Amino acid sequence: MRGKVWLAVILLALIVGLGAGEQIYVNKTFDKAIAKADEITALIEAENYAGANAAADAFSDWWKEERDILEFLCPNNDVKGIMTAIGDLRGALSAGMYDDSLQRSISLSCSVENSKNLLVFKWKNVL
């Protein structure tokens, strides 16, 4: 009987620990993504389009790596939508559509922030 109780306690601790670790990882990843998107917006506003293009390429490469883990932890539509927004931004920058790229970078920031708010644990999402 004692063995079953200890097994249940160990399993509960494992579940809680993995859940907390997942939330920390998702929160930190989305915070980094927001910072990267805001950096791109700042570069575009400063009319540093070459820097913005390089930053968007770096963001895309970074997100592709993070996406593999996030798709395991989160709903895929939220994660894939951000990759689509990054691709739209890269396309606008590559085509020289700088006014459009500003709008797309701001939209990317909002999408990342919105996805973060939906995916991290918040009591208002539970209640």
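Residues numbered from 1 in each chain as written. Predicted model: local features only at pLDDT ≥ 70, side-chain atom pairs only at ≥ 80, totals over all residues. Heavy atoms only, no water.

An account of unusual backbone geometry is requested, with residue identities and associated values reported.
Although it is not a glycine, Glu-47 sits at a positive phi angle of roughly 60°. Residue Glu-47 is classed as exposed on the basis of its relative accessible area of 58%. (Buried < 20%, exposed > 50% of the residue type's maximum accessible area, 1.4 Å probe, protein only.)

Go over the environment of Asp-38, please, and point to the residues and values.
If you trace the backbone, Asp-38 turns up in helix 1 (residues 2–45). You can call Asp-38 partly exposed: its relative accessible area is 40%. Residues Asp-38 and Leu-70, spaced 32 residues apart in sequence, show a C-alpha to C-alpha distance of 21 Å. (Helix = DSSP H or I, 4+ residues; strand = E, 2+ residues; numbered from the N terminus.)

Provide a residue-level description of the pattern of salt bridges, including the pertinent values.
As enumerated under the stated definition, the model contains four salt bridges in all. With a closest N to O distance of 2.5 Å, Asp-31 and Lys-116 form a salt bridge. Pair noted here: Asp-31 is in helix 1 and Lys-116 is in helix 4 (residues 98–119), with a separation of 85 residues, a long-range link. For Asp-31, a relative accessible area of 35% puts it in the partly exposed group. Exposure remark for Lys-116: the relative accessible area of 16% places this residue in the buried category. (Salt bridge = Lys/Arg side-chain N within 4 Å of Asp/Glu carboxyl O.)

Hey, could you go over the packing of aromatic side chains for me, with residue numbers and the actual values?
Using the criterion set out here, one finds five aromatic pairs in the structure. Judged by centre distance (5.8 Å) and plane angle (70°), the ring pair of Phe-30 and Trp-63 falls under edge-to-face. With Phe-30 in helix 1 and Trp-63 in helix 2 (residues 49–73), this residue pair connects regions lying 33 residues apart in the sequence. Taken individually, Phe-30 and Trp-63 each receive the classification buried, so the pair is uniform in this respect. Considering the side-chain rings of Trp-62 and Trp-63, the 6.0 Å spacing of their centres and the 50° angle between planes classify their relative orientation as tilted. In this pair, the class of Trp-62 matches that of Trp-63, namely buried. An aromatic cluster of three or more residues is present, and its members are Phe-30, Phe-59, Trp-62 and Trp-63. (Phe/Tyr/Trp six-rings, centres within 6.5 Å; stacked < 30°, edge-to-face > 60°.)

Any chance you could break down the packing of helix 1 against helix 4 for me, citing the residues and the numbers?
Axis separation between helix 1 and helix 4 bottoms out at 9 Å; the angle between their running directions is 165°. Viewed along their axes, helix 1 and helix 4 adopt a mutual orientation that is roughly antiparallel. Handedness of the helix 1/helix 4 crossing: left-handed. Classifying every residue of the contact of helix 1 with helix 4 gives 13 nonpolar, seven polar and five charged. (Axes fitted to C-alpha atoms, helices over the stretch in contact; angles between N-to-C directions. Parallel < 35°, antiparallel > 145°, perpendicular 65-115°, else oblique. Left-handed = near helix turned anticlockwise from the far one by under 90°. Nonpolar A, V, L, I, M, F, W, Y, C, P; charged D, E, K, R; others polar.)

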